[in-house]
Amino acid sequence: MSLWSRLLDRCRGRPAPLLDAGAAARLEAWRAQPEADLKLPHFRTRYVVVDVETSGLDMMKDRLISIGAVAVNGGLIDFHDAFEVILRQEEVSDTDNILLHGIGGSAQRAGREPVAALLDFLDYIGKSPLVAYHARFDETMIARAMARRLGEPFRRPWLDLAWVMPELYRERLDVLATLDRWLEMFDIENIQRHNAVSDCYATAKLLQVALARGTQKGADTPAKLMELERMRRWMRRAG
């Protein structure tokens, strides 16, 4: 059984959360927004790069602590078009985990109420395509929180640079695998590793590289880059 199947099975067994009228209206307003046209060229697309910090690496058990996001709009990073939220935690994560992401116990206890935090995130992303490096982790942690807190099956179009970059730069595949190596290759600085927004800014710069390279290779729309990713995943499974 796939990870997504297990996640959906868990969500089906839970009663839908009861949202107050204001939260329900915000969620419905987000649902009513039109989907982004994934066939538009990159320079007419708003991508949102996403990164999360969590209480651990178990996608089925650990908790979402914070979400960071940065927009790449028309191929440009707008430093004013960014998002960060810490979700209030009922139980603070352990010391080793705090040392990794730097979000202390007091900050976790004082975070934004989770329903409001997740609605803020939906308001920020709208229906833009989402981007991450190893996106399945970010996608799953956000989807679990959305299902638990909002009753929302969070299925959005994601672009995973961990698959796209090796396809765009096949000649570098033998050398490069991790995000840090890709950043080093293109001389992209990550000011604060394991800080959600800092990681997003660095990944957003890598996305700019992917958009330029993709355009050169004819993958000049979100849909074409996502198809390139699907083909690489298929070839990996088939091989």
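The name given to the chain in an unreviewed UniProt entry is 3'-5' exonuclease, with the source organism recorded as Azospira inquinata.

Participant: Honestly, the overall build of the chain in this entry has me stumped. Any pointers?
Facilitator: In terms of helices and strands, the chain carries 10 helices and five strands. The C-alpha atoms of the chain give 18 Å as radius of gyration, which agrees with the globular expectation for 239 residues (18 Å, within 12%). Across its three principal directions, the C-alpha atoms of the chain cover 50 × 40 × 40 Å. Across the 239 residues of the chain, 51% fall into the buried class. In the chain, 72% of the contacts between residues at least 6 apart in sequence involve partners at least 24 apart. Summed over all atoms, the accessible surface of the chain reaches about 12,300 Å², with 52% contributed by carbon and sulfur. Side chains of the chain carry 34 positive and 34 negative charges; the gap between the two charge centres is 5 Å.

Participant: Looking at this structure, how should I read the layout of surface pockets?
Facilitator: In this approach, a probe sized like a water molecule rolls over the atoms, and the result shows the empty space that is left. What the second largest pocket holds in volume is close to 380 Å³. Taken together, 16 residues form the lining of the second largest pocket, with Arg136, Glu139, Trp158, Glu229 and Arg233 sitting closest to its centre. For the lining of the second largest pocket, the element with the most residues is helix 10 (residues 222–238), which contributes five residues. The residue makeup of the lining of the second largest pocket, split by class, is seven nonpolar, no polar and nine charged.

Participant: Would you take a moment to explain the packing of helix 7 (residues 161–168) against helix 9 (residues 196–216) for this structure?
Facilitator: Helices that pack against each other are described as a pair by the angle of their axes relative to one another and the distance between those axes. Across the interface, helix 7 lies against helix 9 with an axial gap of 10 Å and an inter-helix angle of 40 degrees. By the criterion of interaxial angle, the relationship of helix 7 to helix 9 is oblique. Like other packed secondary-structure pairs, helix 7 and helix 9 cross with a definite hand, here left-handed. Contacts between helix 7 and helix 9 involve Leu161, Met165 and Leu168 from the former and Thr203, Leu206, Leu207, Val209, Ala210, Arg213 and Gly214 from the latter.

Participant: Just checking my understanding: could you explain the packing of aromatic side chains for this structure?
Facilitator: The way to describe two aromatic rings as a pair is by their centre distance and the angle between their planes. Counted by the stated rule, this structure contains seven aromatic pairs. When the ring of Phe79 is compared with that of Tyr201, the centres are 5.2 Å apart and the planes differ by 35 degrees; the resulting orientation is tilted. Of the two residues, Phe79 is situated in strand 3 (residues 76–86) and Tyr201 in helix 9; the sequence distance between them amounts to 122 residues. Relative to Phe186, the ring of Tyr169 lies with its centre 5.3 Å away and its plane at 65 degrees, an arrangement referred to as edge-to-face. A residue pair is termed long-range when its members are at least 10 positions apart, and Tyr169 in the loop between helix 7 and helix 8 (179–185) and Phe186 in the loop between helix 8 and helix 9 qualify at 17 residues. By relative accessible area, which is 8% here, Tyr169 ends up buried. The residue whose ring lies beneath Arg213 is Tyr169, and the NZ or CZ to ring-centre distance is 4.1 Å.

Participant: Explain a nonpolar patch on the surface to me, please; I cannot follow it from the model alone.
Facilitator: Residues Met231, Trp234 and Met235 make up a contiguous nonpolar surface patch of roughly 340 Å² in combined accessible area. Tracing the chain through its elements places Trp234 in helix 10. Residue classification places Trp234 among the exposed positions, given a relative accessible area of 54%.

Participant: How do you make sense of the pairing of strand 2 (residues 64–73) when you look at a structure like this?
Facilitator: In regular strands, side chains alternate between the two faces of the sheet. Buried residues dominate strand 2, accounting for nine of its 10 residues. Where strand 2 lies against strand 3, seven bridges are found, and the strand directions are antiparallel. Counterpart to Ala69 in the pairing with strand 3 is Phe83. In sequence, strand 2 turns back onto strand 3 through a hairpin of two residues, with Gly74 there showing a positive phi of about 65 degrees.

What counts as what
- Residues numbered from 1 in each chain as written.
- Predicted model: local features only at pLDDT ≥ 70, side-chain atom pairs only at ≥ 80, totals over all residues.
- Heavy atoms only, no water.
- Helix = DSSP H or I, 4+ residues; strand = E, 2+ residues; numbered from the N terminus.
- Rg over C-alpha atoms; globule rule 2.2 N^0.38 Å.
- Buried < 20%, exposed > 50% of the residue type's maximum accessible area, 1.4 Å probe, protein only.
- Contact = heavy atoms within 4.5 Å.
- Areas by Shrake-Rupley, 256 points an atom, 1.4 Å probe, with all protein chains shown as cover.
- Lys, Arg positive; Asp, Glu negative; His and termini not counted.
- Charge placed at Lys NZ, Arg CZ, Asp CG, Glu CD.
- 1 Å grid on protein atoms, 1.4 Å probe; cavity = no way out; pocket = protein on both sides within 12 Å on 5 of 7 lines; lining within 4 Å.
- Points joined across faces, edges and corners; volume = space filled by probe spheres on them.
- Nonpolar A, V, L, I, M, F, W, Y, C, P; charged D, E, K, R; others polar.
- Axes fitted to C-alpha atoms, helices over the stretch in contact; angles between N-to-C directions.
- Parallel < 35°, antiparallel > 145°, perpendicular 65-115°, else oblique.
- Left-handed = near helix turned anticlockwise from the far one by under 90°.
- Phe/Tyr/Trp six-rings, centres within 6.5 Å; stacked < 30°, edge-to-face > 60°.
- Lys NZ or Arg CZ within 6 Å of the ring centre and 35° of its normal.
- Patch = residues over 30% accessible without salt bridge, like charges linked within 9 Å, V, L, I, M, F, W, Y side chains within 5 Å.
- Salt bridge = Lys/Arg side-chain N within 4 Å of Asp/Glu carboxyl O.
- Pairing = 2+ DSSP bridges.

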